[in-house]
Amino acid sequence: MECMPREDLEKMQYIELKKLINNLYSFNQFYHDRMKAEKVHPDDIKTLSDIRKLPFMYKQDLRDNYPTKMFTVPNNEIVRYHVSSGTSGKPTLVGYTRDDLDYWSEALARSFTSIGIGPEDTMQVSYGYGLFTGGLGAHYGAEKVGATVLPTSTGNTERQIELMQDLEVTAIACTPSYFIHLMDTAKKMGVSIKNDTKLRVATLGAEPWSESMRQHIEEETGIKAYDIYGTSEMAGPMFTECEKREGIHIPADIMYVEIIDPETGEPCNDGDKGEMVVTMLKKEAMPLVRYRIKDITSITHEPCECGRTSPRIGRISGRSDDMLIIRGINVFPSQIEYTLLQIPEVENQYMIYVSREGALDRMRLQVEIKPEVFSDKIEDMIKLRSHIESELKKYLNIAVEVELNAPGDLPRFEGKAKRVIDNRVI
Ligand code: DLL
């Protein structure tokens with residue numbers, strides 16, 4: 001399935017799309033009304049690219065139809081719920097049928113296989129279990145490849161490190177920020193992940209992280225760290241890099257991905273950055289048609305060196321909706337992280353504060369300094385602070401005030417990191 005010729009893959013996607021749209025138009029009020037309003041009929045979908053005639057869907061549609069009005073199967077066919085915490089308004093509720101869970105586990109099993117995880121491995125799942133999709137998602141995918149699962153969830157980090165050693169854990173699934181927290185805690189306990197554990201691979205996602213962070217993790221621990229991506233609305237974690245690390249493979253037999261210009265809605269060329277739009281071709285409980293995820297990335301349709309023909313997306317470089325506009329300049333938090341991690345004296349812990357004073361936006365950054373660099377020689381610290389400020393100015397084109405913090409001073413996160421505090425009243 002993952003290596004089928006592109007033509008066959010697209011034929012298959014078209015057949016599934018046609019089936020999906022016919023069903024939704026005939027049996028679901030929301031999709032029927034939306035298509036009617038846009039004057040699109042299922043008969044207009046004659047090729048795969050005709051998908052562009054269909055209207056977009058937004059998170060707001062899911063919120064407006066909370067909790068279950070978006071479901072397209074009777075209640076007794078729903079076997080699980082997950083809930084994604086929204087930043088505002090109603091949360092997003094996702095329902096799954098038995099087949100939805102099977103497709104999800106299958107996608108994850110393929111992902112794990114593509115980074116060499118199998119029956120010989122013991123995987124520690126340190127994503128949160130519960131309403132969040134990370135824990136249970138990774139759990140079922142790992143069981144499906146025959147790995148032994150250690151369902152630690154997040155928290156109790158010292159115990160996690162002891163278990164990692166005692167049970168000879170070889171693979172871990174968690175957020176990159178929790179992995180860094182594990183690394184720090186292990187260090188404090190006098191445990192070297194490189195020498196005192198059998199850990200060899202990590203599948204890290206659920207939040208943006210950079211190449212520099214990957215480099216830091218790999219150098220310090222000797223493991224291989226792979227990016228994994230997904231959203232609750234799709235099911236949960238779904239796409240991953242393969243061992244070539246030339247993009248994140250899309251499970252294209254169950255979903256169709258477009259990258260569009262967020263302003264015009266028009267498709268982007270391969271390699272150009274835009275907003276991701278997904279259509280879930282096989283999802284039963286809560287299908288999505290041209291759902292705007294808001295994550296910014298690019299796509300390539302070139303087959304990968306690994307032999308898989310599925311299209312790949314680039315690392316998520318931000319969201320079209322978390323972009324900060326500071327004195328008229330667009331800033332992605334990922335750009336700030338990237339700049340900071342280029343500076344050897346800086347730890348990978350930071351917080352961004354945005355406020356408005358009079359008419360002017362003000363951006364303040366708290367940055368943790370490496371223990372070997374942090375000192376009470378004020379002059380040295382002032383010099384370092386000016387250096388960081390000028391690097392940020394060079395890269396972001398805006399003035400950022402930097403405050404240096406002692407190692408361990410800034411908050412650590414067990415789940416998703418929340419590093420941006422925007423106090424502006426818009
Ligand atoms: O975060 C699902 C997931 C769990 C993915 C475990 C990977 C691993 P949500 O809570 O709905 O779902 O959040 C989805 O998180 O739209 C992205 O903005 C962000 N995100 C997820 N993975 C990555 C990643 C899960 N690898 C939102 N890189 C998405 C950057 C990511 N951002």
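The rules behind these values
Residues numbered from 1 in each chain as written. Predicted model: local features only at pLDDT ≥ 70, side-chain atom pairs only at ≥ 80, totals over all residues. Heavy atoms only, no water. Helix = DSSP H or I, 4+ residues; strand = E, 2+ residues; numbered from the N terminus. Rg over C-alpha atoms; globule rule 2.2 N^0.38 Å. Buried < 20%, exposed > 50% of the residue type's maximum accessible area, 1.4 Å probe, protein only. Areas by Shrake-Rupley, 256 points an atom, 1.4 Å probe, with all protein chains shown as cover. Lys, Arg positive; Asp, Glu negative; His and termini not counted. Charge placed at Lys NZ, Arg CZ, Asp CG, Glu CD. Domains from an automatic or database assignment. Buried area = accessible area lost by both parts, 1.4 Å probe. Salt bridge = Lys/Arg side-chain N within 4 Å of Asp/Glu carboxyl O. Polar contact = N/O pair within 3.5 Å; in protein donor to acceptor, adjacent residues only side chain to side chain. Near = heavy atom within 4 Å. Axes fitted to C-alpha atoms, helices over the stretch in contact; angles between N-to-C directions. Parallel < 35°, antiparallel > 145°, perpendicular 65-115°, else oblique. Left-handed = near helix turned anticlockwise from the far one by under 90°. Contact = heavy atoms within 4.5 Å. Nonpolar A, V, L, I, M, F, W, Y, C, P; charged D, E, K, R; others polar. Pairing = 2+ DSSP bridges. Phe/Tyr/Trp six-rings, centres within 6.5 Å; stacked < 30°, edge-to-face > 60°. Lys NZ or Arg CZ within 6 Å of the ring centre and 35° of its normal.

**Comments concerning the overall build of the protein chain**
Part 1 of the argument: Within the protein chain, the secondary structure is distributed over eleven helices and 21 strands.
Part 2 of the argument: Scaling as 2.2 N^0.38, a compact globule of 426 residues should have a C-alpha radius of gyration of about 22 Å, and the protein chain matches this with 22 Å.
Part 3 of the argument: The dimensions of the protein chain, computed from C-alpha atoms along their principal axes, are 75 × 55 × 40 Å.
Part 4 of the argument: Expressed as a percentage of its 426 residues, the buried residues of the protein chain come to 54%.
Part 5 of the argument: Of the roughly 19,400 Å² that the protein chain leaves accessible, carbon and sulfur atoms contribute 49%.
Part 6 of the argument: Charged side chains in the protein chain number 53 positive and 67 negative. The centres of these two groups are separated by 3 Å.

**Section: the domain arrangement of the protein chain**
Part 1 of the argument: Structurally, the protein chain comprises domain 1 (95-323) and domain 2 (329-422).
Part 2 of the argument: Centre-to-centre, using C-alpha coordinates, domain 1 lies 27 Å away from domain 2.
Part 3 of the argument: When domain 1 packs against domain 2, close to 1,700 Å² is buried across both sides, 53% of that on carbon and sulfur atoms.
Part 4 of the argument: The three residues of domain 1 that bury the most area against domain 2 are Ser212, Met213 and Met323, which together make up 27% of that side's buried surface.
Part 5 of the argument: Applying the counting rule to domain 1 against domain 2 returns one salt bridge.
Part 6 of the argument: Taken together, the links from domain 1 to domain 2 amount to seven residue pairs in polar contact (both at pLDDT 80 or more).
Part 7 of the argument: For the side of domain 1 that touches domain 2, the secondary-structure elements that each account for two or more residues are helix H7 (176-188), helix H9 (211-221) and strand E15 (318-319).

**Quick look at the site of the ligand**
Part 1 of the argument: Around the ligand, a shell composed of 21 residues is seen, among which Asp227, Ile228, Ser232, Asp295 and Arg319 lie nearest.
Part 2 of the argument: Isoleucine 228 is positioned with one of its backbone polar atoms (N or O) 2.7 Å from a nitrogen atom of the ligand.
Part 3 of the argument: Between the ligand and aspartate 295 there is a distance of 2.6 Å, counted from an oxygen atom to a side-chain nitrogen or oxygen.
Part 4 of the argument: Notes on the ligand: free accessible area 610 Å², of which the protein chains cover 93%.
Part 5 of the argument: Taken together, the elements giving at least two residues each to the shell around the ligand come down to helix H5 (133-144), strand E7 (224-231) and strand E12 (291-297).

**A few points about the packing of H7 against H9**
Part 1 of the argument: Two elements in contact, H7 and H9, have axes whose closest approach is 11 Å; the angle formed by their N-to-C orientations is 30 degrees. Our classification of the angle between H7 and H9 gives roughly parallel. Where H7 crosses over H9, the two elements pack in a sense that is left-handed. Between H7 and H9, the contacting residues are Pro176, Phe179, Ile180, Met183 and Lys187 on the first element and Met213, His216, Ile217, Glu220 and Thr221 on the second.
Part 2 of the argument: Residues that form the contact of H7 with H9 fall into these classes: six nonpolar, two polar and two charged.

**Concerning the sheet that holds strand E4 (residues 148-150)**
Part 1 of the argument: One open sheet holds the nine strands; their spatial order is E4-E3-E5-E6-E7-E8-E9-E14-E13, and the pairing between them is mixed. Two strands bound the open sheet, and with one partner strand each, they are E4 and strand E13 (299-300).
Part 2 of the argument: Pairing between E13 and strand E14 (residues 312-313): two bridges, direction antiparallel. Counted as the bridge partner of isoleucine 299 is isoleucine 313 from E14.
Part 3 of the argument: Set on the sheet, H5 makes contact with strand E3 (122-125), E4, strand E5 (171-174) and strand E8 (236-241); between it and E3 the angle comes to about 170 degrees.

**Section: the packing of aromatic side chains**
Part 1 of the argument: Under the defined criterion, the tally for this structure stands at six aromatic pairs.
Part 2 of the argument: Ring centres 5.2 Å apart and planes at 80 degrees place the aromatic pair tyrosine 229 and phenylalanine 239 in the edge-to-face group. With a gap of ten residues between them, tyrosine 229 in strand E7 and phenylalanine 239 in strand E8 connect regions that are remote in the sequence.
Part 3 of the argument: Lying over the aromatic face of tyrosine 96, lysine 283 brings its terminal NZ or CZ to 5.8 Å of the ring centre.
Part 4 of the argument: The ring of tryptophan 209 carries the charged tip of arginine 315 above its face, separated from the ring centre by 4.6 Å.

**Some details on the packing of helix H1 (residues 6-27) against helix H2 (residues 29-37)**
A packed helix pair is summarised by two numbers, namely the angle formed by the two axes and the spacing between the axes.
Part 1 of the argument: Between H1 and H2, whose axes approach to 6 Å, the crossing angle comes to 100 degrees. With respect to each other, H1 and H2 are oriented roughly perpendicular. Residues Ile21, Leu24, Tyr25 and Phe27 of H1 form the contact with H2, whose participating residues are Gln29, Tyr31, His32, Met35 and Lys36.

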